[in-house]
Every structure is written in C-alpha cells, then in structure tokens.
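# Survey of secondary and tertiary structure
If you want the building blocks of each chain, they are given just below.
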Amino acid sequence: MPSIRSARLPAEERFTVTITVEPVLLAAGAFFALAANRPFFAAALRGHDAGEPATWAFVAAVTALLVAVHFILMALVCNRWTLKVVLAPLFVATALASYFMARYGVFFDAAMVRNVLHTHVAEARELLAPALLPHLALYAIAPLVLLWRVRVVHTPLPRAALIRAGWLVAASGMAAVALLAVFQPLASLMRNHREARYLITPGNVLVSLISVLGRETRAAATPRQSIGTDAKAGPSWALRRKPLVLVLVVGETARAANWGLNGYARQTTPQLTAMPVINFPHVTSCGTNTEVSLPCMFAPHGRHDYDEASIRGSESLLHVLSRAGVAVHWRDNQSGCKGVCDGLSNDSVQALNAPGLCHNGQCFDEGLLHGLEARLATAQGTQLLVLHQLGNHGPPYFRRYPPPFARFVPACNHDDLALCSRQEIVNAYDNALLYTDHVLGQLITQLSAHADGLDSMLLYVSDHGESLGEGGLFLHGMPYAIAPDVQTQVPMLMWLSAGTAGGIGLDAACLRHQASKALTHDHLFHTVLGLLDVHTSALEPAWDLTHGCRDLVAASR
Ligand SMILES: [Zn+2]
C-alpha cells in the first residue's frame, strides 16, 4: 500500500510517496488516456450520438483499453531504477505531442516523428509559442513534480517479479475485456480511419520513435545502393555550342491553390506571370512533409511504387547525373538535403551568411542567389544547381519575407497562429508566395542576362502544400492517404533562356503541351535526366516529360 510520510520528517522527506512501481504506471497510464487523447476520442466518436448510453459505454471501454495498453508497454521497460528515466521524458513528449495535435490537427506517425527529430534549433524556436507554457505546466510539469516525490519501495527480486507478473496478467485481462466490449465499433474505426491510431498518445510517439530509430540505425549501417550505374552523356552534348546550367529550385510548403499562375483570385506571382514560363497547374506531391517528399522527388520510383527503405537506402538522381559528367551543386536554405546530396558539392545560405539576409539562424531565400553572378560567368560544361528554399515554411509565414513584400494586409505577425484570424494567416502566407515569386523572377533575370554565352533552364517545384485552416487543419504532414488536396497539390514551372531549346535540341512547344497534364513528383527524376540528355537504364521514358520532345535536327543547325 502507498504511504504518505508525516509532516514531522525533514523537509525533503515530506509528502514523499513510498510505493511500488506498478501503481505509478497505472496512474501514468490513466493520466495519458484521459489527458492526452482528446483528438483521438474526437475522431473515434465522430458520428456517435452523445446522448446514447452506448456511446458512454464505448468511451469507458476504450479508456480502459488505453490505460491497460499503456500500462503494459511501460511495465515492459520500467523498474525501480528506470521508472523516472522513462516516465520523465514521456510526460514531456506527451505534453508536446498533445499540444500540437490539438492546435494544428497533426498526426504523430513515423514521418512526423522523423520530422521532429530532424528539426533545427531555429525551426523549433519558432514553434515555441507562449500558449505552450500553461499547457506544459499542466501536462508535463505537474506530473513531473508528483513523479519527483515518488520513492519506490525496495522489493526482493523474486517477489518483485511475481508482483509484476500479477499486474501484467490483470492489465492484459482488463485489455481483453475492454477490447471484446468494443470490438465491433473499434474494428470498423480502424478499418475506415486507419490513421486514427496515430492519435493514440503517447503510444503513437513511442511506436513511431522506435520504428524511425530502427530504420535509421539499419540505414546508417548499410552503404547506399548504386543506381543508374550506366549513366552517360546523350548525343546532344556533342552538338551544344554553349555551357548548359539547369537551376532546380525545390520550393517549400507552397500550395497550388494559392499560386497566382494557377488562377488564384489573388495575384501572388506577378513577376513570373509577366515572364515566358511554362506553368504546370496539376502537380501532386510525393509526401506531405519535407522528410518524405525530398528523398522521393530525387528517386526513380516515387509515390507510384513507394518504398521508403529503398529510397533512403539508394543513391539519388544527383549521383546519377554526377556519374554522367554533370557538375552538381546543392545550396540549402532549410533543413539540409535529407541524404539526397550525400558526398556531392553543397553549401548552405546560413554558412555563407549573405549580408543583410540572415537573422537568428534563418535567412531570406534571396541568399540562395548569393554569388550566382560569378558562378554563371565562369560556367562550363553541364551543370545542375539545386536551390532548396525556406519558402513558406510555417507557422510564422511573416518571417519568410522582407517588409516590402507585406502587401496583403493585415498579415499575421505572430509565431502562434492561434493569435491571428484565418484571413491574417492567409495574408501572411500569400505574402511569402509573393517573395518566392520575386526570388524566382530575379533568378530568371540573372540567367537571361547570360543568354549570349550560356544556355540555361529553371525548374521550380514545391515539396508539398499546406493547410491554412480548412477543416480546422493547419500546417502539413497529414498521413498521405487522408491528406487534403491543399497539402498535396503543388506549384511547378519551367523556364528556358532564349536559344536554349534550340541549343540543346528540345522542342519547347512540345514541352508546353505536356504542362496541362496531371503530373506528380514522380516525373521529376526522369524529366531532369531528359532535360540534361543523360542516358541510363534508370530512365523510364513514360515518366520523362521531354520524351518525344527532343529535336536533334534543330540542335545541329
Ligand atoms: Zn517541406
């Protein structure tokens, strides 16, 4: 039985609870089930009538099931010595997870946990809104203070094992009874809304964390599989009279719905609209977050034959191009290239510290163009320059653009979106798109200025979209199967400098014709190989937008 020490004891002994491990785990399980699972219950109870006794029976049974399952999971790793080591971080992780789930409607699947693990300090700082403090005080600090007062009573090992076994049997029995009671509705919930399991907290965080760490450990231990080992320069390389530079801009969190070129009610792309760009209005992303989309965009088999382990364990498009003789360089203004540029030339805007463009570890995207003039003036051969934007990375969209781009007003000027109206959030988001339009416009202007001595192309595509309050959802990262279109429909465009199409033997009108089709990130790998005329058995012509658009007769003229 737990006992509370008398107040006559020394100060540090007062209110100390002497107890065995199991009741603490039971209390923790009950706390998690009741305090951290509101989003799960909201999803599970959709369509249930609150006045029906059956609904309350369902809630009671599911709560019992959650308590029992979390108890069993914790009981497998907690003993007298590990109890506080396991529970303390679990309380903090659960409090953080429940905050972001309730606030932004995010799900904690493996992709989300991978995102969290790879978050930079500057990104994390932006997520720490003042509203998080009372939430942490209630859901992390309060249980931590109680945990601090717990003193686990010493029990001889055989007896401790017996007690633990008894509790585990009881918890398993409770889980079984609860499961039987709600099997029918619970099975139908898991069948129709499989993603609801990513709302069961902290089970979602624990299971996803174990899965991600396991996968990353295995991936780190095995060398990347080579792909496109037969890559070589195509016939147009010998016919070209000028160096060729392809600039691939990987956008961030730009959604197709707010893209001016796609007919959005607001003109968010005024500069690009005035330029002869080829716009691709129907492009679907491979993932709903950077950690999934980025490696997938540079892989031969993207979403149509998705295999995350194979994508992460293999070389990327950039390695194939490099093997064929393309000079590849990756410049990053975000959270790195996610393995896509491993072993290849790369730098970051933060490290370049472009004057006047960086503050607190974050830089405006114009920093991506730093030193570009010199690079273009001395360009030789065939080059691919990848520019990875910070783009529309939220929640604080207003931090993504300099003051002159705050044209849609009033714009949300808080890190915490909950402090702004929906219109203010959209205004800030659209201002950030205006700034991307400016960066791309400036890039095209610079490439145009070198057209006499250099053939150049720009290909821009965003990595995924964003929710801006539709259906109560914000940000991105929804499980792919249930992600709304705004998170998966992304802007894409292409531009060729004067003379480039003829110079490399490409029929621009043919390419323009391809633009109206429904396309996906899966086209990127093969289309870049096609644009740069790199031949390899890894190229699948059906996914190459330049297939059938090559005109070598024009190149030889
Ligand atoms: Zn992203």
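All of the points below concern the structure found in this document. (Residues numbered from 1 in each chain as written. Predicted model: local features only at pLDDT ≥ 70, side-chain atom pairs only at ≥ 80, totals over all residues. Heavy atoms only, no water.)

Right, let's get into the overall build of the chain. Each helix and strand counted, the chain has 22 helices and 17 strands in total. By principal-axis analysis of the C-alpha atoms, the chain measures approximately 95 × 50 × 50 Å. Excluding contacts between residues fewer than 6 apart, the proportion of contacts in the chain whose partners are at least 24 apart in sequence is 77%. Element-wise, carbon and sulfur atoms account for 63% of the exposed surface of the chain, whose accessible area totals about 23900 Å². (Helix = DSSP H or I, 4+ residues; strand = E, 2+ residues; numbered from the N terminus. Contact = heavy atoms within 4.5 Å. Areas by Shrake-Rupley, 256 points an atom, 1.4 Å probe, with all protein chains shown as cover.)

The next thing to look at is unusual backbone geometry. Following Thr201, the chain continues to Pro202 via a peptide bond in cis, the omega torsion being 0°. Along the chain, the position of Pro202 falls in the loop between α8 (157-192) and α9 (203-221). At the junction of Val409 and Pro410, the peptide bond is cis and its omega measures out at -5° in the coordinates. One can find Pro410 in the loop between β11 (382-388) and α17 (422-449).

So, about the pairing of strand β6 (residues 278-284). Two strands pair when backbone bridges link them, and β6 and strand β15 (residues 489-496) are joined in this way by 5 bridges, in the antiparallel orientation. Bridge pairing in β15 places Val283 opposite Val490. (Pairing = 2+ DSSP bridges.)

This paragraph deals with the coordination of the zinc ion. Glu252 (OE), Glu252 (OE), Thr290 (OG1), Asp463 (OD) and His464 (NE2) make up the full set of protein donors to the zinc ion, lying at 1.9 to 2.4 Å. For the zinc ion, the single-chain donor residues occur in sequence as E-x37-T-x172-D-H. Of this pair, Thr290 sits in helix α12 (residues 290-297) while His464 sits in the loop between β12 (455-462) and β13 (467-468), placing them 174 residues apart in sequence. Of the residues examined, Thr290 reaches a relative accessible area of 6% and is grouped as buried. (Donors = N, O, S within 2.8 Å, 3.2 Å for Na, K, Ca; no water. Buried < 20%, exposed > 50% of the residue type's maximum accessible area, 1.4 Å probe, protein only.)

Moving on: the state of the cysteines. Counting across every chain of the model gives 5 disulfides. Each disulfide pairs two cysteine sulfurs, and for Cys510 the partner residue is Cys549, the sulfurs being separated by 1.9 Å. Linking Cys510 and Cys549, the disulfide has an S-S dihedral of approximately -70° and is accordingly described as left-handed. Pair noted here: Cys510 is in helix α20 (residues 508-514) and Cys549 is in the loop between β17 (534-535) and α22 (552-556), with a separation of 39 residues, a long-range link. Using a relative accessible area of 0% as the deciding quantity, one classes Cys549 as buried. Disulfides within the chain link the bonded cysteines, taken in sequence order, as 1-2, 3-4, 5-6, 7-8, 9-10. (Disulfide = S-S within 2.5 Å.)

Let us look at the environment of Asn262. Relative to the helices and strands, Asn262 is located in the loop between β5 (244-251) and α11 (270-273). When the C-alpha atoms of Asn262 and Phe280 are compared, they prove to be 8.2 Å apart, with 18 residues separating the residues in sequence. Excluding anything up to four places from it in sequence, Asn262 contacts Ala256, Asn279, Phe280 and Pro281.

Taking strand neighbours across the sheet as the criterion, the 8 strands line up as β8-β7-β11-β5-β12-β15-β6-β16 in an open arrangement whose pairing is mixed. Strand pairing shows two members of the sheet lacking a second neighbour, β8 (345-348) and β16 (519-520), which therefore form its edges. In this structure, strand β7 (residues 327-332) lies alongside β11, joined through 6 bridges in parallel fashion. Looking at β11, one finds that Val328 is bridged to Leu384. Together, β7 and β11 form the strand contacts of helix α14 (residues 317-324), whose direction differs from that of β7 by roughly 145°. Packed on one face of the sheet, α17 meets β5, β11, β12 and β15 and runs near 165° to β12. (Axes fitted to C-alpha atoms, helices over the stretch in contact; angles between N-to-C directions.)

Attention shifts here to α9. The end-to-end C-alpha distance of α9 is 27 Å, a good match for the 27 Å that 19 residues give at a rise of 1.5 Å each. Along α9, the positions that sit buried rather than exposed are Gly203, Asn204, Val205, Ser208 and Val212. Looking at the buried residues of α9, the elements they touch are α3 (53-75), α4 (83-104) and α5 (110-117). (Expected span 1.5 Å × (residues − 1).)

Its 36 residues give α8 an end-to-end C-alpha distance of only 45 Å, which falls more than 12% under 52 Å, the value for a rise of 1.5 Å per residue. Arg164, Ala171, Ala175, Ala178, Val182, Leu186 and Leu189 are the residues of α8 that are buried. Those residues of α8 that are buried lie in contact with α1 (21-35), α2 (38-44) and α3.

The full count for this structure, using the stated rule, is 17 salt bridges. The closest approach of N and O atoms between Asp455 and Lys242, which form a salt bridge, is 3.8 Å. A residue pair is termed long-range when its members are at least 10 positions apart, and Asp455 in strand β12 and Lys242 in the loop between α10 (236-239) and β5 qualify at 213 residues. With a closest N to O distance of 2.8 Å, Lys338 and Glu291 form a salt bridge. (Salt bridge = Lys/Arg side-chain N within 4 Å of Asp/Glu carboxyl O.)

The full count for this structure, using the stated rule, is 13 aromatic pairs. For the ring pair Trp259 and Tyr460, a centre distance of 5.4 Å and an interplane angle of 15° mean the geometry is stacked. Of the two residues, Trp259 is situated in the loop between β5 and α11 and Tyr460 in strand β12; the sequence distance between them amounts to 201 residues. The exposure class of Tyr460 is buried, given its relative accessible area of 1%. A ring pair is formed by Phe364 and Tyr435, whose centres lie 5.9 Å apart and whose planes are at 70°; its orientation type is edge-to-face. Taken as a pair, Phe364 in the loop between β10 (362-363) and α16 (372-377) and Tyr435 in helix α17 lie far apart in primary sequence, 71 residues in all. On the basis of relative accessible area, Tyr435 is assigned to the buried category, the value being 1%. An aromatic cluster is defined as three or more aromatic residues linked by ring pairs; in this entry it consists of Phe31, Phe32, Phe91 and Tyr139. Over the ring of Trp237 we find Arg240, and its NZ or CZ is 5.4 Å from the ring centre. (Phe/Tyr/Trp six-rings, centres within 6.5 Å; stacked < 30°, edge-to-face > 60°. Lys NZ or Arg CZ within 6 Å of the ring centre and 35° of its normal.)

On their own, these measurements won't tell you what the molecule is for.
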